Amino acid sequence: GDGLTGELITTNVKTIKSVPLVMQTDSLSALPSRLEIRGEVFIGLEAFKKLNKERLEQEQAPFANPRNAAAGSLRQLDSKITATRPLEIFFYGIGVVEDIAFQSHGELLKSLKYWGFRINPFIRPAIVIREVLEYYHELSEKRHQLPYDIDGVVVKVDDISLQQRLGATSRSPRWAIAYKFKAVQETTTLEAIEIQVGRTGVLTPVAQLKPVNVGGVMVSRATLHNEDEIGKKDIRIGDKVLVQRAGDVIPEIVKVIASRRDGSEIPFKMPEACPVCDSPVIRMEGEAATRCINSSCRAQVKERIKHFASKGAFDIDGMGDKLVDQLVEKDLLTSFADLFKLDEGLLAGLERMGDKSAENLINAIEASKRISFARFLYALGIRHAGEHVAVLLAQNFGSLKELASCSQQDLTEIEGVGPVVAESVAGFFRQENNMRTIQS
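Let me sum up the structure you'll find in this document. All residue numbers here refer to positions counted from 1 along the written sequence of the relevant chain. With the structure being a predicted model, the display of local features is reserved for residues of pLDDT at least 70 and the display and counting of side-chain atom pairs for 80 or more, all residues being used for whole-chain, interface and lining totals. Excluding hydrogens and water, the side-chain figures rest on all heavy atoms present in the structure.

**Observations regarding the nonpolar core**
Among the buried residues, those of types Ala, Val, Leu, Ile, Met, Phe, Trp, Tyr and Cys that are joined through side-chain atoms within 4.5 Å form a nonpolar core. The cut-offs for exposure are 20% and 50% of the maximum accessible area for each residue type, with area from a 1.4 Å probe on protein chains only; residues under the lower value are buried, those over the upper are exposed, and the others partly exposed. Judged by nonpolar contacts, the single largest core of 49 residues is most densely connected at Met319, Leu411 and Phe429. Starting at the N terminus, helices and strands are each numbered in turn, a helix being any DSSP run of H or I of at least four residues and a strand any DSSP run of E of at least two. Only α9 (298–309), α10 (321–329), α12 (355–367), α13 (373–379), α14 (387–396), α17 (419–430) and α18 (432–439) provide two or more residues apiece to this core. At 6 residues, α17 tops the list of elements feeding residues into this core. If near-sequence neighbours (up to four positions away) are discounted, methionine 319 is found in contact with Ala309, Val324, Leu327, Leu339, Leu342, Leu361 and Ile365. Grouped together as the second largest cluster of nonpolar side chains are 25 residues, Val243, Met270, Cys292 and Ala299 included. Residues count as neighbours in contact if any of their non-hydrogen atoms are within 4.5 Å of one another.

What follows is the structure, encoded as structure tokens:
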């Protein structure tokens, strides 16, 4: 979920063998009348290898890593599929609790274990900071001997009353911190740099790497962020580079191994024209990003439509990236408004689209028309206005007409909306082309 809405996966979670369906106790009076228990689902490394072997034998695509496999298994619409996946769980905390009080986090975990909930055996309760640091280094050395992937430790204040006093931000508690391990790093060759154009026109350089296994995942691409980042690290095509997965997830180039250069390496220069539409590109003063200024650029159109149809927005099931690319290339979509003009006959004639697939997609588009104001605003893809800002705007304005006529000054008076966001939102609704697309 996103903190406000989420998917119902209770039936799927109940298929996990390490989830008790009945709490264990010697006395019912010792149980809380209501309890929300929090945990993390994962797939062990050996189980993951076996799962992928079975998928390959069945001529199915293997999963990229245990993390994605676990997440995808939990989100299955059919719990029978989830039941076939080797999911495990560790419980680590609670949310809502009634009729019982805990003095410390350690006491809470002991109670969960007593009630039959699986607790991680490596938890160290009630230790001082010096011991925290020592244990961090100890686990860092042992991490690759564990039967599952970990990328760090979570350090928590043990005293529950102190946790309550410290409180939380909108994103995380102030009484806990994730202490990450150093990422696994490997050396490979940067073979090329390609430019991707995003929905706001930003040109992002992406490194094409000679495939290398980094912590169990084959990496062949890594973001280079922007022109300044490339210059700062002096990255050149043909360089030997050190690669890591940031947070053990996103591939990035740590540094160039300059000592292995032979003179054949080619310095990178940002293009002066968009590689997709050949329009001029600009770099505004004070910004690191280079942008294509043609809002009709097909790359931007594709990304805007993909964003519009994405899960947090209109959530149009079946409107995948390849289909969007095909529809834009055939000039069947020029904006997200055109999605609602598609018909079954037109779709059925496309590559990899039969009559049934076309019918399902049209039904999904029709179903998506019932949408909250906040998700509609997020779907518009207004720069700097993510899901959180969209919710704030929806809470403060009763209609699109009211929001569109609001001044930049009025927007800055909303708590959580700063001057940059206000300028972007007000500017979006001042553009006649945007309003025409919305009204169409």
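**Re helix α2 (residues 45–57)**
For α2, built from 13 residues, the straight-helix expectation of 18 Å at 1.5 Å per residue is met to within 8% by its first-to-last C-alpha distance of 19 Å. Among the residues making up α2, those that are buried are Phe48, Leu51, Asn52 and Arg55. Buried residues in α2, looked at end-on, bunch into an arc of 95°, giving them a common side. More than 90 degrees from the buried face of α2, the exposed residues found are Glu46, Lys49, Lys50, Lys53 and Glu57. Where α2 is buried, its residues contact β1 (34–43) and α3 (66–74). Phi turns positive, to about 60°, at glutamate 59, one or two residues after α2. Here a helix's expected span is defined as the number of its residues, less one, multiplied by 1.5 Å. In this description, one arc is meant: the one made by directions from the helix axis to the C-beta atoms.

**Describing the packing of aromatic side chains**
Ring pairs shown here join Phe, Tyr and Trp side chains whose ring centres sit within 6.5 Å, with only the six-membered ring taken for Trp; geometry is labelled stacked below 30 degrees between planes, edge-to-face above 60, and tilted in between. A full pass over the atoms with the stated rule returns 13 aromatic pairs. Seen in terms of ring centroids, phenylalanine 91 and phenylalanine 117 are 5.0 Å apart; in terms of plane orientation they differ by 75°. Their pairing is edge-to-face. Placement of phenylalanine 91 in strand β2 (residues 87–98) and of phenylalanine 117 in the loop between α5 (105–114) and α6 (129–142) is noted, with a sequence separation of 26 residues between them. For the residue pair phenylalanine 91 and phenylalanine 117, the accessibility class agrees, reading buried in each case. Ring centres of tyrosine 136 and tyrosine 179 lie 3.8 Å apart, and the angle between their planes is 5°; on these two criteria the pair is classed as stacked. Residue tyrosine 136 is found in helix α6, and its partner tyrosine 179 is found in strand β4 (residues 176–180); the two are separated by 43 residues along the sequence. One aromatic cluster is present, built from ring pairs that chain together Phe308, Phe314, Phe336, Phe340 and Phe376.

**Some remarks on a nonpolar patch on the surface**
Each patch is built from salt-bridge-free residues with over 30% relative accessible area, joining like charges within 9 Å and nonpolar side chains (Val, Leu, Ile, Met, Phe, Trp, Tyr) within 5 Å. Areas reported as accessible are Shrake-Rupley estimates using a 1.4 Å probe. Residue values count occlusion only from the protein chains shown. Salt-bridge detection follows one rule: a side-chain nitrogen of Lys or Arg within 4 Å of a carboxyl oxygen of Asp or Glu. A cluster of nonpolar side chains, Ile282, Met284 and Ile293, forms an exposed patch at the surface whose accessible area comes to about 270 Å². Turning to its location among the elements, isoleucine 293 is positioned in the loop between β13 (290–292) and α9.

**Regarding the environment of serine 73**
For serine 73, the location among the structural elements is in helix α3. Given the relative accessible area of 0%, serine 73 is considered buried. In the structure, serine 73 is positioned 234 residues away from histidine 307 in sequence and 24 Å away in space, judged by C-alpha atoms. With sequence-adjacent residues up to four places away left out, serine 73 is seen in contact with Asn12, Thr82, Arg85 and Leu87.

**Re the packing of α17 against α18**
For every element, the axis is a line fit to its C-alpha atoms; helices are fit only across the contacting stretch, and the angle between N-to-C directions ranges from 0 to 180 degrees. Running from amino to carboxyl end, α17 crosses α18 at an angle of 70°, the nearest separation of the two axes being 5 Å. Here α17 lies roughly perpendicular to α18, going by the angle between them. Residues Phe428, Phe429 and Arg430 of α17 touch α18, and the partners they reach there are Glu432, Asn434, Met435 and Ile438. When residue character is reported, Ala, Val, Leu, Ile, Met, Phe, Trp, Tyr, Cys and Pro are called nonpolar, Asp, Glu, Lys and Arg charged, and the others, Gly included, polar. In the contact of α17 with α18, the residues fall into 4 nonpolar, 1 polar and 2 charged. Geometric relationships in this document are graded by angle, where less than 35 degrees denotes roughly parallel, more than 145 denotes roughly antiparallel, 65 to 115 denotes roughly perpendicular, and other angles denote oblique.

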